[in-house]
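# Summary of structural features
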Amino acid sequence: MSLSVTRAKVKEKAGIDVTDFDAAIDNLIADWIPVIEYALLPWALADTGNAGLQATLNLGAAELIAGEFLAQIGRKPGVLDAIQIGDLVLSPLRRVPSDAYGLKEQGAARLRPYVRFDPIAPTPAPIAASQGKKGRDEEDAA
């Protein structure tokens, strides 16, 4: 089965109620759905009888796409500019522009149990250990 994310769901998650961004949202859906589907475990997509699992996958995908849409808006020139009039400063939210509202993180967390690999998961660092001094003084060893 394929993921199903609609423009209406992305707009709802992003808090958008105008049609100005419909083409951009449709393009993001078309770009992201195949990528998300590829990242998911095949059995998770194929388990069409599990309505809860499918709803979870679709919601996670919608959150990722809505988060990327908001990040794209945040990258437009002038969007993050501040205005100062005397002592009054008006500035946008001071958050990470790539996921200012946490939707991408939320979607990734929702999908994490069903992905083939987790690119954010910690990997073991190549550290070697050896026997030797254990932090005690020679006097203590006696």
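Structure first, text after, so check above.
Summarised in this report is the structure supplied together with it. Given the structure is predicted, the values throughout are model-derived calculations rather than measurements. (Residues numbered from 1 in each chain as written. Predicted model: local features only at pLDDT ≥ 70, side-chain atom pairs only at ≥ 80, totals over all residues. Heavy atoms only, no water.)

On to the packing of aromatic side chains. All chains considered together, the criterion is met by two aromatic pairs. Between F21 and F69, the ring centres sit 5.4 Å apart and the planes meet at 70°, which makes this aromatic pair edge-to-face. Residue F21 is located in the loop between α1 (7–14) and α2 (22–39), and its partner F69 is located in helix α4 (residues 51–74); the two are separated by 48 residues in the primary sequence. Residue F21 is classed as partly exposed on the basis of its relative accessible area, which comes to 24%. Ring geometry for W43 against Y114: centres 6.1 Å apart, planes inclined by 70°, an arrangement best described as edge-to-face. Here W43, found in helix α3 (residues 42–46), pairs with Y114, found in the loop between α5 (103–111) and α6 (138–141); they are 71 residues apart in sequence, far enough to count as distant. Positioned above the aromatic ring of Y38, the side-chain terminus of R116 is 4.9 Å from the ring centre. (Phe/Tyr/Trp six-rings, centres within 6.5 Å; stacked < 30°, edge-to-face > 60°. Helix = DSSP H or I, 4+ residues; strand = E, 2+ residues; numbered from the N terminus. Buried < 20%, exposed > 50% of the residue type's maximum accessible area, 1.4 Å probe, protein only. Lys NZ or Arg CZ within 6 Å of the ring centre and 35° of its normal.)

Turning to its location among the elements, D22 is positioned in helix α2. Contact partners of D22, with chain neighbours within four places excluded, come to R7 and K11. (Contact = heavy atoms within 4.5 Å.)

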